[in-house]
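# Observations on the model geometry
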Amino acid sequence: MRSFLYLRVVVSLFSSYVNACDRCLHSSKASYFSSASALSSGACAYGSMATSFFAGHIAGAIPSIYKDCAGCGACFQVRCKNPKLCTSKGTIVMVTDLNTGSQTDLVLSSRAFRAMAKPGSGADKYLLKQGIVDVEYQRVPCNYGKRNLHVRVEEASKKPNYLAIKLLYQGGQTEVVGIDIAQVGSSQWSYMTRSHGAVWATDKVPTGALQFRFTVTGGYDGKTAWAKRVLPANWKAGRIYDAGVQITDNAQEGCDTCSHIWN
């Protein structure tokens, strides 16, 4: 029964995510936090690591982008609509927090907010004085170069009863909506559940080295990314492990009638 309910939850989440047209161009407003720590300590639970992503270009996003935590780690290209102040390309930010306390779709770090401005003209300082600006934004693939997806074992993990992990450096333009775990070489899979933010957990921890299967919203039917050997048998809390795979899929949802990213 638990497996059936888990499958229904994954299917439901997948359906809601692919129906949200991230690839479409949206017009809204953006504001900023003067301190990036407010975003790095946010709902996605990246902690101080968040400021290292995309040179500290991070953002809090409204619930339709945050997607009950699944939007954590998603990347968006954002530009302000004032051509006298801002460049045509804007900047790319990564979602690290939920934004519910402002009248804007996105709250950027001040570094990301300034990065929308034209360089060398003092426009960045004037942009900060504005506080809130009109913007266009659209989801884009996260690009970490040659870096694989990484798995961080959270400090709350304790053998043999509890394992909590956080996904880092997830590429592409899709969400992970399910994670299965098994001992390396075994076909006895059990599922993890999302604990909070980017953190997944299970109280059914297999022994030995561990493999993972990630259910991803890639394309209309989704897909599975199989990381065949991720955690060693002597995994330790606080450590970060290379998953040996990367998720590079782009969203395939049908939004042909929407406007798309600027040139």
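The rules behind the values
Residues numbered from 1 in each chain as written. Predicted model: local features only at pLDDT ≥ 70, side-chain atom pairs only at ≥ 80, totals over all residues. Heavy atoms only, no water. Pairing = 2+ DSSP bridges. Helix = DSSP H or I, 4+ residues; strand = E, 2+ residues; numbered from the N terminus. Axes fitted to C-alpha atoms, helices over the stretch in contact; angles between N-to-C directions. Phe/Tyr/Trp six-rings, centres within 6.5 Å; stacked < 30°, edge-to-face > 60°. Buried < 20%, exposed > 50% of the residue type's maximum accessible area, 1.4 Å probe, protein only. Lys NZ or Arg CZ within 6 Å of the ring centre and 35° of its normal. Arc of directions from axis to C-beta. Contact = heavy atoms within 4.5 Å. Disulfide = S-S within 2.5 Å. 1 Å grid on protein atoms, 1.4 Å probe; cavity = no way out; pocket = protein on both sides within 12 Å on 5 of 7 lines; lining within 4 Å. Points joined across faces, edges and corners; volume = space filled by probe spheres on them. Nonpolar A, V, L, I, M, F, W, Y, C, P; charged D, E, K, R; others polar.

### So, the sheet that holds strand β7 (residues 150–153)
In spatial order, the strands read β13-β12-β9-β10-β11-β8-β7-β14; together these eight strands make up an open sheet with antiparallel pairing. Of all strands in the sheet, those with a lone pairing partner are β13 (223–231) and β14 (240–242), marking the two edges. When the angles between neighbouring strand axes are averaged without regard to direction, this sheet yields 30 degrees. The pairing of β7 with strand β8 (residues 163–168) spans four bridges and is antiparallel. For V153, the partnering residue across the bridge sits in β8 and is I165.

### Things to note about the packing of aromatic side chains
This model, assessed by the stated rule, comprises seven aromatic pairs. Between F54 and Y144, the ring centres sit 5.3 Å apart and the planes meet at 50 degrees, which makes this aromatic pair tilted. Residue F54 is located in the loop between α2 (37–40) and β2 (58–61), and its partner Y144 is located in the loop between β6 (133–140) and β7; the two are separated by 90 residues in the primary sequence. Among the residues examined, F54 registers a relative accessible area of 23% and is labelled partly exposed. For Y144, a relative accessible area of 17% gives the class buried. Its end group placed over the ring of W235, K159 keeps NZ or CZ at 4.9 Å from the ring centre. The ring of W189 is capped by R213, whose NZ or CZ atom sits 4.0 Å from the centre of that ring.

### Section: unusual backbone geometry
Here the residue pair K159 and P160 is connected by a cis peptide bond, since its omega of -5 degrees sits within 30 degrees of zero. In this fold, P160 is placed in the loop between β7 and β8. One non-glycine residue, A55, adopts positive backbone phi at about 55 degrees. As for its position among the elements, A55 is in the loop between α2 and β2. Of note, K67 is a non-glycine position whose phi angle comes to about 55 degrees, a positive value. Along the chain, K67 turns up in the loop between α3 (63–66) and β3 (75–80).

### As for helix α5 (residues 123–130)
Along α5, the residues that are buried comprise A123, D124, L127 and L128. For α5, the buried positions fall inside an angular range of 140 degrees around the axis, keeping them on one side. Turned more than 90 degrees from where α5 packs its buried face, K125 and K129 sit exposed. For α5, the secondary structure elements touched by its buried residues are β1 (26–33), β3, α4 (110–115) and β6.

### Looking at the state of the cysteines
Scanning all chains against the criterion turns up three disulfides. Between the sulfur atoms of C44 and its disulfide partner C72 the distance amounts to 2.1 Å. Across the S-S bond linking C44 and C72, the dihedral sits near -90 degrees, which makes this disulfide left-handed. Of this pair, C44 sits in the loop between α2 and β2 while C72 sits in the loop between α3 and β3, and the two are 28 residues apart along the sequence. Overall, C72 belongs to the buried group, its relative accessible area being 10%. At a sulfur-sulfur separation of 2.0 Å, the disulfide partner of C75 is C142.

### Notes on the sheet that holds β3
Hydrogen bonds between backbone atoms are what pair the strands of a sheet, whose relative direction is either parallel or antiparallel. The strand order around the closed barrel formed by six strands is β1-β5-β2-β4-β3-β6, and the pairing between neighbours is mixed. Going across the sheet, the axis of each strand differs from the next one's by a mean of 45 degrees, ignoring polarity. Here β3 runs beside β6; their pairing, made up of six bridges, is antiparallel. Residue R79 lies in a different strand from β6, and its bridge partner there is E136.

### Describing the side chain of H57
Checked against the element boundaries, H57 lands in the loop between α2 and β2. Looking at H57, the relative accessible area reads 14%, which means it is buried. Those residues in contact with H57 that sit more than four places away from it in its chain are T91, I92, V93, M94, S109, R111, A112 and A115.

### Here we look at empty space enclosed by the protein
Under the counting rule described, the total for this entry stands at two cavities of 30 Å³ or more. Volume-wise, the largest cavity comes out at about 200 Å³. In this structure, the largest cavity is lined by 23 residues; those nearest its centre are Y46, C72, G73, L167 and Q170. Residue composition of the lining of the largest cavity, grouped by class: 15 nonpolar, five polar and three charged.

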